[in-house]
Amino acid sequence: MRIALHVCCGICLKYPLKDLLIKGFIPEGIYYNPNIHPYGEYLNRLETANNVMRENSLKLVVPEYNSDIEASGFFSEIPESRFEQCRKCYSMRLKYTVFHAKANGIKRFSTTLLGSPYQNIKLILEIGNELAAVNGLEFVSFHEEWAKEYHESKRSLRSTGAYLQKYCGCIYSKMDRKLEKCAILAKTRVTI
Ligand code: SF4
């Protein structure tokens, strides 16, 4: 059972990959994440994801970093809201996965984003199921099982010295993370 598996990062990949293999799927990983900013961050996450694939003797398909990003309007339009920005981001990555699946005669697809407790799972499922219906494919998800193992995957990768990201991926999420840190620092100063 071949499956086109969108891979967002090594942490989210680790358990879903193991689980899919146990369940008899043959995953083809696709690292399509032009939302990740900056490029160095994209490469660091790619290295961790690639190592997880290699541990399982699997290869990762890596499309060009910036392909389609301009056309998608991801950075050229100011997002109405974070929800809309994430919808665009999930759609862009899942559409590419569907494109890869169809081009390679694969009947099902999924994304490791479903393994993260920090993502909007309801929205990912909505987009995935919609794309599946339109394209005559099956959208596979074991998100409840996968999310339970997220922190263990993170712990185990950290123990190997692998690179682990600190924000979701886009420039907006990177800014959010910085602002959170500043807020914590400011609070600390007031309470000292
Ligand atoms: S916060 Fe994450 S999911 Fe949302 S747009 Fe940014 S990178 Fe994409």
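Here the structure is a predicted model, which means the values were calculated and not measured.

A.B. asks: Describe unusual backbone geometry, listing the residues and the values that go with them.
C.D. replies: The omega torsion of the bond from H37 to P38 falls at -5°, within 30 degrees of zero and hence cis. Residue position: P38 is located in the loop between β2 (26-30) and α2 (39-55). In this structure, S57 is a non-glycine residue whose phi angle is positive, near 55°. Within the secondary structure layout, S57 lies in the loop between α2 and β3 (60-61).

A.B. asks: Lay out the site of the ligand in plain terms, naming residues and giving numbers.
C.D. replies: Taken together, the neighbourhood of the ligand is formed by N35, Q85, C86, C89, C168, G169, C170, Y172 and S173. Going through the elements one at a time, α4 (82-103) and α8 (171-191) are the ones with two or more residues in the shell around the ligand. Looking at the shell around the ligand, the element that brings in the most residues is α4, giving three residues.

A.B. asks: Tell me about the sheet that holds strand β5 (residues 138-139), and please be specific about residues and values.
C.D. replies: If you trace the five strands from one edge of the open sheet to the other, you get β3-β2-β1-β4-β5, paired in parallel fashion. Bordering the open sheet on either side are β3 and β5, each of which pairs with just one other strand. Bridging between strand β4 (residues 108-111) and β5 involves two bridges; their strand directions are parallel. What sits directly across from R108, in β5, is E138.

A.B. asks: Explain the pairing of β2 residue by residue, including any values.
C.D. replies: Of all five residues that make up β2, four are buried, and the element is covered over most of its length. Note that strand β1 (residues 2-6) and β2 share five bridges and pair parallel. The residue of β2 that forms the bridge with L5 is G29. Between the parallel pair β1 and β2, the chain is carried across by helix α1 (residues 10-22), and the sense of this crossover is right-handed. One ladder, built from two bridges, connects β2 with β3; its direction is parallel.

Basis of the calculations
- Residues numbered from 1 in each chain as written.
- Predicted model: local features only at pLDDT ≥ 70, side-chain atom pairs only at ≥ 80, totals over all residues.
- Helix = DSSP H or I, 4+ residues; strand = E, 2+ residues; numbered from the N terminus.
- Near = placed C-beta within 6 Å.
- Pairing = 2+ DSSP bridges.
- Buried ≥ 20, exposed ≤ 12 C-beta atoms within 10 Å, placed from the backbone.
- Right-handed = clockwise from strand over helix to strand, strands pointing away.

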